Amino acid sequence: MEQCVNVEREVDRVLQKFSAYGEHCERTLENLAQYVTGIRQELAGMGDEAELSATHALVLSHCCKKIRDTVQKLASDHKDIHGSVSKVGKAIDRNFEPDISSVAVDGVFSTPERQQLLNDVIVEHLFRQGMLDVGEQLCQEAGLPLDQNQKEPFIELNRILEALKMHDLRPALAWAVSNRERLLAQNSSLEFKLHRLYFIQLLSGGGTKQREALEYARNFQPFASQHQKDIQVLMGSLMYLRQGIEHSPYTHLLDTNQWAEICDLFTRDACALLGLSVESPLSVSFSAGCIALPSLINIKAVIEQRQCTGVWNQKDELPIEIDLGKGCWYHSVFACPILRQQTTESNPPMRLVCGHVISRDALNKLVNGNKLKCPYCPMEQAPSDAKQIFF
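This one's a predicted model, so the numbers in the text were calculated from it and none came from an experiment.

Focus on the overall build of the protein chain
So, step 1. Helices and strands together make up the secondary structure of the protein chain, namely 13 helices and six strands.
So, step 2. On the principal axes, the C-alpha backbone points of the protein chain span a range of 120 × 80 × 55 Å.
So, step 3. Here the protein chain holds 391 residues, and 29% of them are scored as buried.
So, step 4. About 26600 Å² of surface is accessible on the protein chain, with carbon and sulfur atoms providing 52% of the total.
So, step 5. When the 40 positive and 49 negative side-chain charges of the protein chain are each reduced to one mean point, those points stand 7 Å apart.

Quick word on the packing of aromatic side chains
So, step 1. Summed over the entire model, instances satisfying the criterion amount to seven aromatic pairs.
So, step 2. Taking the centre distance of 5.1 Å and the plane angle of 75 degrees together, the rings of Trp175 and Phe266 count as edge-to-face. Of the two residues, Trp175 is situated in helix α6 (residues 170-178) and Phe266 in helix α11 (residues 257-274); the sequence distance between them amounts to 91 residues. The exposure classification of Trp175 matches that of Phe266, with both residues buried.
So, step 3. Through a chain of ring-to-ring contacts, three or more aromatic side chains come together here, namely Phe192, Phe199, Phe220 and Phe223.

Describing a nonpolar patch on the surface
So, step 1. On the surface, Val105, Val108 and Phe109 cluster together into a nonpolar patch covering about 230 Å² of accessible area.
So, step 2. Take Val105: it is sitting in the loop between α2 (54-95) and α3 (112-128).
So, step 3. Under the relative-accessibility criterion, Val105 is labelled partly exposed at 39%.

Let's talk about the sheet that holds strand β4 (residues 371-373)
Within a sheet, neighbouring strands are paired by backbone hydrogen bonds and run either parallel or antiparallel to one another.
So, step 1. Spatially, the three strands line up as an open sheet ordered β3-β4-β5, and their pairing is antiparallel. Unpaired on one side and paired on the other, β3 (367-368) and β5 (380-381) mark the two borders of the sheet.
So, step 2. Of the pairings in the sheet, the one linking β3 to β4 comprises two bridges and is antiparallel in character. Pairing of Val367 across the sheet is with Leu372, part of β4.

Brief notes about the UniProt feature "domain: RING-Gid-type" (unreviewed entry) in the protein chain
So, step 1. In the numbering adopted here, UniProt assigns the feature "domain: RING-Gid-type" (unreviewed entry) to residues 336-377.
So, step 2. Between the end C-alpha atoms of residues 336-377 the distance is 16 Å, and the span holds 17% helix and 26% strand.

Describing the side chain of Asn158
So, step 1. As for its position among the elements, Asn158 is in helix α5 (residues 148-165).
So, step 2. Relative accessible area serves as the criterion here: at 15%, Asn158 is assigned to the buried category.
So, step 3. From its side chain, Asn158 meets the backbone oxygen of Phe154 in a polar contact 2.7 Å long.
So, step 4. Among residues more than four places away in sequence, those in contact with Asn158 are Phe127, Arg128, Gln129 and Gly130.

Regarding the pattern of salt bridges
Opposite charge on two side chains allows them to pair when their charged atoms are near.
So, step 1. One pass over the structure, following the stated rule, counts seven salt bridges.
So, step 2. Between Arg170 and Asp168 there is a salt bridge, with the nearest N and O atoms lying 3.1 Å from each other.
So, step 3. The exposed category is assigned to Arg170, whose relative accessible area is 58%.
So, step 4. Residue classification places Asp168 among the partly exposed positions, given a relative accessible area of 23%.

What about the state of the cysteines?
So, step 1. One pass over the full model with this rule turns up zero disulfides.
So, step 2. Just so you know, Cys64 is unpaired, no disulfide at all, and the nearest cysteine sulfur is the one on Cys63, 5.6 Å from it.
So, step 3. Cys271 takes part in no disulfide bond, and the closest cysteine sulfur, belonging to Cys263, lies 13 Å away.

Remarks on the nonpolar core
So, step 1. Ranked by internal contacts, the top residues of the largest apolar core, which has 38 residues, are Leu164, Trp175, Leu190, Leu194, Phe199, Ile262 and Phe266.
So, step 2. When near neighbours in sequence (up to four residues on either side) are disregarded, Ile262 contacts Leu164, Leu190, Lys193, Leu194 and Leu197.
So, step 3. Formed by 10 residues, the second largest nonpolar core is a distinct cluster that contains Met350, Leu372, Cys377 and Ala386.

Things to note about the side chain of Thr267
So, step 1. Here Thr267 lies in helix α11.
So, step 2. Exposure remark for Thr267: the relative accessible area of 17% places this residue in the buried category.
So, step 3. Among the polar contacts made by the side chain of Thr267, one reaches the main-chain carbonyl oxygen of Cys263 at a distance of 2.8 Å.
So, step 4. What Thr267 contacts, discounting residues up to four positions off in sequence, is Leu161 and Val278.

Details of unusual backbone geometry
So, step 1. In this model, His167 sits at a positive phi of 65 degrees, which is unusual for a non-glycine residue.
So, step 2. Secondary-structure assignment places His167 in the loop between α5 and α6.
So, step 3. Exposure remark for His167: the relative accessible area of 41% places this residue in the partly exposed category.

Regarding the sheet that holds strand β1 (residues 349-351)
So, step 1. Taking strand neighbours across the sheet as the criterion, the three strands line up as β2-β1-β6 in an open arrangement whose pairing is antiparallel. Strand pairing shows two members of the sheet lacking a second neighbour, β2 (357-359) and β6 (387-388), which therefore form its edges.
So, step 2. Across two bridges, the pairing between β1 and β6 is antiparallel. Counterpart to Arg351 in the pairing with β6 is Lys387.

Conventions used here
Residues numbered from 1 in each chain as written. Predicted model: local features only at pLDDT ≥ 70, side-chain atom pairs only at ≥ 80, totals over all residues. Heavy atoms only, no water. Helix = DSSP H or I, 4+ residues; strand = E, 2+ residues; numbered from the N terminus. Buried < 20%, exposed > 50% of the residue type's maximum accessible area, 1.4 Å probe, protein only. Areas by Shrake-Rupley, 256 points an atom, 1.4 Å probe, with all protein chains shown as cover. Lys, Arg positive; Asp, Glu negative; His and termini not counted. Charge placed at Lys NZ, Arg CZ, Asp CG, Glu CD. Phe/Tyr/Trp six-rings, centres within 6.5 Å; stacked < 30°, edge-to-face > 60°. Patch = residues over 30% accessible without salt bridge, like charges linked within 9 Å, V, L, I, M, F, W, Y side chains within 5 Å. Salt bridge = Lys/Arg side-chain N within 4 Å of Asp/Glu carboxyl O. Pairing = 2+ DSSP bridges. UniProt positions renumbered as here; feature names shortened; annotations may be inferred. Polar contact = N/O pair within 3.5 Å; in protein donor to acceptor, adjacent residues only side chain to side chain. Contact = heavy atoms within 4.5 Å. Disulfide = S-S within 2.5 Å. Core = buried A, V, L, I, M, F, W, Y, C linked by side-chain atoms within 4.5 Å.

This is how it looks when you write it as structure tokens:
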């Protein structure tokens, strides 16, 4: 990530220089054009057959020299920018390793089963992005069976998302109503927020939409207990409908960010109902690789420099721990505070009577006879009283 920031810093410098040069060039040429126009008008007043005086000849000579000097100065300034552009390329070469084969594992997708798995992930990503034709073509070329049941949910999801981007709520509302029971089962507020946004659309229509807005407010009845305060705000905004919501204390209801938020909420809840992750697995894997790659290249260089052998022998295990950020935390993980090891199915976390949690291996090592003393508090207890917990 630091390498990207360094390159971005160089790009910003170039863009600033281009912007400053563009403004300076436009201002200089405009002044020069006004200067030349004034001389032309002065000469035009002399008539076509009049001879130029020595003064006018001197003015024209000065004008030509000024034009030539201005053009040369602009060309020189433009050449100075070339050096800044070349620095961007040098920054890319300096911050990014052109050859990443040193940290690649050969034969990861050598078997037909793994190749098919990779193709399945790519096809799903294409379907998620709405590129259905490309996904179908890949299935044909890779010899993958095309399951229409796999494709159909993405067709509907992308159709609704495209409508939301066009500020058309009707397809999303129809979908939410048809899946109301399942959405309520997962405590989703999608349907209410869709009705709320549609009501706000009616409010933005002014006083002519007052009756229609009042009639549409009946759709809030099933959500009165959970969203009472929000509904009260919406009803209060009706008082300012004739003068315009944008000129009232309820102007926040017209915030355009609501459309991006409703798209994200629909995507999250729809994927949850379909049993899919919100983000594409291919996108997540690619992002994780981009974050981890610099650290892997650095540790590989250190290993080769110090001639350390046996550090990176395991293909399924990295030589160092890489933090991908909270955005890549998908599972709860418990590490035993005594043994400093992550718990497993064979060594699960155990809750003691006092409430502290340690691993089973740590518990067995701390047992003294038929008693166990908690390592964090003085409470003594029987080892059999410890209960396995599940995250």
